[in-house]
Structure formats: structure tokens, C-alpha cells
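Letter by letter, the chains look like this.
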Amino acid sequence: MRAKITYTVTAAVLVFYFVLAGSRGVLLIRHGTLLTVTFGVAVLILPLIGIWFLWKNTQFVRRANVLAAELDAEGGLPVDDLARTPSGRIDRDSADAAFARRQAETEDTPDDWRCWFRLAVAYQDARDTPRARKAMQRAIALHKAGTPTQTGSALSGPTATSSPSGPSDLADPQARPASQT
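Residues numbered from 1 in each chain as written. Predicted model: local features only at pLDDT ≥ 70, side-chain atom pairs only at ≥ 80, totals over all residues. Heavy atoms only, no water.

Attention now moves to a nonpolar patch on the surface. A cluster of nonpolar residues, I29, V41, I45, L46 and I49, forms a patch on the protein surface that exposes about 430 Å² of accessible area. A total of four residues in the nonpolar patch trace back to one element, the largest contributor, which is helix α2 (residues 34-74). Note that I45 resides in helix α2. (Patch = residues over 30% accessible without salt bridge, like charges linked within 9 Å, V, L, I, M, F, W, Y side chains within 5 Å. Areas by Shrake-Rupley, 256 points an atom, 1.4 Å probe, with all protein chains shown as cover. Salt bridge = Lys/Arg side-chain N within 4 Å of Asp/Glu carboxyl O. Helix = DSSP H or I, 4+ residues; strand = E, 2+ residues; numbered from the N terminus.)

Right under this line is the structure:
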């Protein structure tokens, strides 16, 4: 719940900033000289990029939450039983062991969105956010496509292992940077 509140407050502050910057851009354009119109257009472009970025991130979070809710209803959410340091951070060895399990699970059933979701959680536990995001995007895409359940039945056509974001590329522990302690 705290994360939702933080995200909502941050998004509201960003929207306020975008409106404020956009209004300044409009004022510059209304001034009418070549220089102010050029700056005004440049100032208007930045909030548009920011709004697009905020929208895409909000969609990603909503889709990931839908998957989490569905997985929770099935009883398939990964249990947070990882060892922690005295400061509360996840222990590196514990995260590596969980990652190895999730990697093997994903390689066994590369077309199951549930495995990709759990792999994304393992990446996040290992503080590898870029790969966690890619794995979650893969889970969202598989869920949206209506892929098979954990039984591992294959789809016709190319599988996840033949794509550049397949489990062997994404779940390579050698490619994962070391977690910070």
C-alpha cells in the first residue's frame, strides 16, 4: 500500500510539473519572436515526453499488478523466505539460490508467464532491475497472448528460447551483475 501511495504522489507531482512547464512553453510561444517560439516548442516537448514515460510506466505497473493478483489467487506467488542481513537487505547467497531455482523453472517452461513473473521477482531480489523489468515484460506479453499454463504445453511457432529475450539470455547468472552488499 505504501508503494502505491508513493507512486501516486510522485505521479501527481510530475503531472503538476508537466502542466507548469507546458504553460511556460505556451507563454514563450505566445511572445512571438523566433527565439521564444523555438524555446517554447522545446519546453513543450519535454512535458510530452514525460507524460508518455509516466503513462507507459503506469501501464506496466498495472499489468504487473494484474499478473500478481492472478498468481496470488492461484497460490503461485513466490514466498519471501530469503535470508536477510542485519540491515534488512537480502543475503546474496540466498538471492543466488532463489535465482537458480527460478532460472531452471523458466528454462523448463519458457512459455509460462508464471515462471517469467517469478524470475522477474528473483531478479528484483538480486537488485538487477533492468533484467527484472525485461522478465516482467515477457510475463506480461505471454499472459496477454494467452499462453499455456504450467503444464508446459508448447505453442506452435517460435518459442521464447529462440527470441533474444528468451530465458537463456535473460536468466544467465554470468550476465547478472553482482548484488551490492
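Turning next to the packing of aromatic side chains. This structure, assessed with the given rule, holds two aromatic pairs. In this structure, R133 packs its charged tip against the face of F60, placed 4.0 Å from the ring centre. We note R138 situated over the ring of W116; from NZ or CZ to the ring centre the distance is 5.7 Å. (Phe/Tyr/Trp six-rings, centres within 6.5 Å; stacked < 30°, edge-to-face > 60°. Lys NZ or Arg CZ within 6 Å of the ring centre and 35° of its normal.)

Moving on to the packing of helix α4 (residues 113-125) against helix α5 (residues 129-145). One can describe the packing of α4 onto α5 by two numbers: an axis separation of 8 Å at closest approach and a directional angle of 165 degrees. In terms of orientation, α4 and α5 fall into the roughly antiparallel class. The two elements α4 and α5 meet at a crossing, and its hand is left-handed. Within the contact between the two elements, α4 uses W113, W116, F117, L119, A120, Y123 and Q124 and α5 uses T129, R131, A132, A135, M136, R138, A139, L142 and H143. (Axes fitted to C-alpha atoms, helices over the stretch in contact; angles between N-to-C directions. Parallel < 35°, antiparallel > 145°, perpendicular 65-115°, else oblique. Left-handed = near helix turned anticlockwise from the far one by under 90°. Contact = heavy atoms within 4.5 Å.)

What follows is about helix α1 (residues 2-31). For α1, built from 30 residues, the straight-helix expectation of 44 Å at 1.5 Å per residue is met to within 8% by its first-to-last C-alpha distance of 44 Å. Taken together, the buried positions of α1 are A11, F18, A21, G22 and G25. Looking at the buried residues of α1, the elements they touch are α2. With its phi angle positive at about 95 degrees, G32 sits one or two positions after the end of α1. (Expected span 1.5 Å × (residues − 1). Buried < 20%, exposed > 50% of the residue type's maximum accessible area, 1.4 Å probe, protein only.)

Between its terminal C-alpha atoms α5 stretches 24 Å, which fits the 24 Å expected from 17 residues at 1.5 Å a residue. Along α5, the residues classified as buried are A132, A135, M136, R138, A139, I140 and L142. Where α5 terminates, the next one or two residues include G146, which has phi positive at roughly 70 degrees.

If you add up the space inside the largest pocket, you get close to 920 Å³. Per-element tally for the lining of the largest pocket: the top contributor is α2, with eight residues. Of the residues belonging to the lining of the largest pocket, the class tally is 18 nonpolar, six polar and ten charged. In this structure, the second largest pocket occupies an estimated 160 Å³ of space. As for the second largest pocket, its lining consists of K56, Q59, F60, R63, R133, Q137, I140, A141 and K144. (1 Å grid on protein atoms, 1.4 Å probe; cavity = no way out; pocket = protein on both sides within 12 Å on 5 of 7 lines; lining within 4 Å. Points joined across faces, edges and corners; volume = space filled by probe spheres on them. Nonpolar A, V, L, I, M, F, W, Y, C, P; charged D, E, K, R; others polar.)

Detailed reading of the predicted model is not advised wherever pLDDT is low. Overall, the predicted model of the protein chain reaches an average pLDDT of 81, with 81% of residues at or above 70. In the predicted structure, residues 173-181 sits below a pLDDT of 50 and forms 21 contacts with residues beyond four places in sequence or in another chain. (pLDDT = per-residue confidence, 0-100.)

Time to look at the nonpolar core. The biggest cluster of nonpolar side chains holds 19 residues, and the ones touching the most others in it are W113, F117, M136 and A139. Ignoring anything within four residues of it in the chain, the contact list for A139 reads L67, W113, W116 and F117. (Core = buried A, V, L, I, M, F, W, Y, C linked by side-chain atoms within 4.5 Å.)

Pairs can form between side chains of opposite charge once their charged atoms are near each other. Enumeration according to the criterion identifies seven salt bridges in this entry. The salt bridge involving E105 is made with R102; its shortest N-O contact spans 3.4 Å. One end of the pair is E105 and the other is R102, both in helix α3 (residues 92-108) and three residues apart, which spans about a single turn. Its relative accessible area of 18% is what places R102 among the buried residues. Shared partners join several salt bridges into a network, and the residues in it are E74, D112 and R114.

What follows covers unusual backbone geometry. Phi is positive for R127, which is not a glycine, with a value near 60 degrees. Looking at where R127 falls in the secondary structure, it is placed in the loop between α4 and α5.

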